[in-house]
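One-letter residues, chain by chain:
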Amino acid sequence: MTGTETIADRLRNLRDRIADLAQAAGRDPATVALMAVSKTHPAESVAAALAAGQRLFGENRVQEAAGKYPDLRARHPDLRLHLIGPLQSNKATEAVALFDAIETLDRPRLAEVLAREITRQDRRPDLFIEVNTGEEAQKSGILPAAADAFIDECRDKWKLPVVGLMCIPPEHDDPAPHFALLREIARRHGLTRLSMGMSADYETAIRFGSTEVRLGTAIFGPRGTAA
Ligand SMILES: *Cc1c(COP(=O)(O)O)cnc(C)c1O
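Keep in mind the model is a prediction, meaning the values are calculated, not measured.

**A short note on the side chain of Thr204**
Here comes step 1: Mapped onto the elements of the fold, Thr204 is located in helix α8 (residues 202-207).
Here comes step 2: If sequence neighbours within four positions are ignored, Thr204 has contacts with Pro175, Ala176 and Phe179.

Set out below in structure tokens:
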């Protein structure tokens, strides 16, 4: 990545690269969405991406998204915003109101609270269940051994609009087995959407069936603060 490349340049190159990778994997390029992860980056950077035709965005904090996105959405009603960071139950009201998808459903208490808010607000964001494929103690996500029962509970007991699964492989692991595991759990449940792949591993993720890659650094450059 060079300093002279603009956000528009990077998006164009990434779209081409994603389409090539999909084709090489025998997949229709239209089945792989590019999500621009704008956490820590200012609204001006998001506006530059919007001007370049980007419409799908991800943020990992409710508060940050609530500050940045309402104005942008007013100007671009077709913008779609996903929550990709951990969600506290006490922020569920705001999250259901603000996001088009919540990708980090990972525990029964949150399922219950989301079900209540979805009914109360009559708004149904797409839900992804996050699986902690690396079984890392500090990471959120349901453990793989508990995933089948939790997916069933979300759909059968809480009637939640679960559309797919999401994972973040451990930083220093080969991501391939994690993506394969997520794909296998999704297949067992007939879930068609797989949110997997970040700037460092999206190429592998596409080979393993990712339907949305979440790219921050590759589009917006390095983040100033840890997030
Ligand atoms: C920050 C973040 C990304 C994007 O990471 P990059 O390495 O900058 O592409 C993707 N997914 C989640 C959940 C994130 O928090």
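On we go from here.
**Thoughts on the packing of helix α2 (residues 43-51) against helix α3 (residues 62-75)**
Here comes step 1: Two numbers describe how α2 lies on α3: the axes approach to 10 Å, and their chain directions differ by 35 degrees. Every pair of crossing elements has a handedness; the one defined by α2 and α3 is right-handed. Together, Ala43, Val46, Ala47 and Leu50 of α2 and Lys68, Tyr69 and Leu72 of α3 make up the contact between the two elements.
Here comes step 2: Residue composition of the contact of α2 with α3, grouped by class: six nonpolar, no polar and one charged.

**Side note on the side chain of Arg214**
Here comes step 1: In this fold, Arg214 is placed in strand β8 (residues 212-215).
Here comes step 2: Nearest to the buried, unbridged Arg214 among oppositely charged side chains is Glu103, at 4.5 Å.
Here comes step 3: Within the local environment of Arg214, its side chain forms a polar contact with the backbone oxygen of Cys167, the two atoms lying 3.1 Å apart.
Here comes step 4: In this structure Arg214 touches Met35, Val37, Ile84, Glu103, Met166, Cys167, Ile168, Ser195, Met196, Gly197, Met198 and Ser199, once residues within four positions along its chain are discounted.

**Re helix α1 (residues 7-24)**
Here comes step 1: In this model α1 runs 25 Å from its N-terminal to its C-terminal C-alpha over 18 residues, within 8% of the 26 Å that 1.5 Å per residue would give.
Here comes step 2: With its phi angle positive at about 75 degrees, Gly26 sits one or two positions after the end of α1.

**Description of the nonpolar core**
Nonpolar side chains tend toward joint burial in soluble globular proteins.
Here comes step 1: With 63 residues, the main nonpolar core has Leu105, Leu114 and Leu160 as its most contacted residues.
Here comes step 2: What Leu105 contacts, discounting residues up to four positions off in sequence, is Leu110, Ala111, Leu114, Leu127, Phe128, Ile129, Glu130, Phe150, Cys154 and Leu160.

**What to know about the environment of Gly58**
Here comes step 1: Its location among the elements puts Gly58 in strand β2 (residues 56-59).
Here comes step 2: Residue classification places Gly58 among the buried residues on the basis of a relative accessible area of 0%.
Here comes step 3: Setting aside its immediate chain neighbours within four residues, Gly58 contacts Met35, Ala36, Val37, Ser38, Lys39, Leu81 and His82.

**Some thoughts on the site of the ligand**
Here comes step 1: Within the structure, the ligand sits among Val37, Lys39, Ile84, Met166, Ile168, Met198, Ser199, Arg214, Leu215, Gly216, Thr217 and Arg223.
Here comes step 2: One nitrogen or oxygen atom from the side chain of Ser199 is found 2.5 Å from an oxygen atom belonging to the ligand.
Here comes step 3: Taking Gly216, its main chain carries an N or O atom lying 2.9 Å from an oxygen atom of the ligand.
Here comes step 4: Contact with the protein chains covers 90% of the free accessible surface of the ligand, which is 390 Å².
Here comes step 5: A majority-of-atoms criterion places the ligand in the largest pocket.

**A word on the pairing of strand β3 (residues 80-83)**
Here comes step 1: Here β2 pairs with β3 via four bridges, running parallel. Across the sheet, Phe57 pairs through a bridge with Leu81, a residue of β3.
Here comes step 2: The β-α-β motif built from β2, the intervening α3 and the parallel element β3 has right-handed crossover chirality.
Here comes step 3: Following the backbone out of β3, through helix α4 (residues 92-98) and into the adjacent parallel strand β4 (residues 101-105), one traces a crossover that is right-handed.

Definitions and cut-offs
Residues numbered from 1 in each chain as written. Predicted model: local features only at pLDDT ≥ 70, side-chain atom pairs only at ≥ 80, totals over all residues. Heavy atoms only, no water. Helix = DSSP H or I, 4+ residues; strand = E, 2+ residues; numbered from the N terminus. Contact = heavy atoms within 4.5 Å. Axes fitted to C-alpha atoms, helices over the stretch in contact; angles between N-to-C directions. Left-handed = near helix turned anticlockwise from the far one by under 90°. Nonpolar A, V, L, I, M, F, W, Y, C, P; charged D, E, K, R; others polar. Buried < 20%, exposed > 50% of the residue type's maximum accessible area, 1.4 Å probe, protein only. Lys, Arg positive; Asp, Glu negative; His and termini not counted. Salt bridge = Lys/Arg side-chain N within 4 Å of Asp/Glu carboxyl O. Polar contact = N/O pair within 3.5 Å; in protein donor to acceptor, adjacent residues only side chain to side chain. Expected span 1.5 Å × (residues − 1). Core = buried A, V, L, I, M, F, W, Y, C linked by side-chain atoms within 4.5 Å. Near = heavy atom within 4 Å. Areas by Shrake-Rupley, 256 points an atom, 1.4 Å probe, with all protein chains shown as cover. 1 Å grid on protein atoms, 1.4 Å probe; cavity = no way out; pocket = protein on both sides within 12 Å on 5 of 7 lines; lining within 4 Å. Sits in = over half its atoms within 2 Å of the grid points. Pairing = 2+ DSSP bridges. Right-handed = clockwise from strand over helix to strand, strands pointing away.

Structural measurements only, silent on function.
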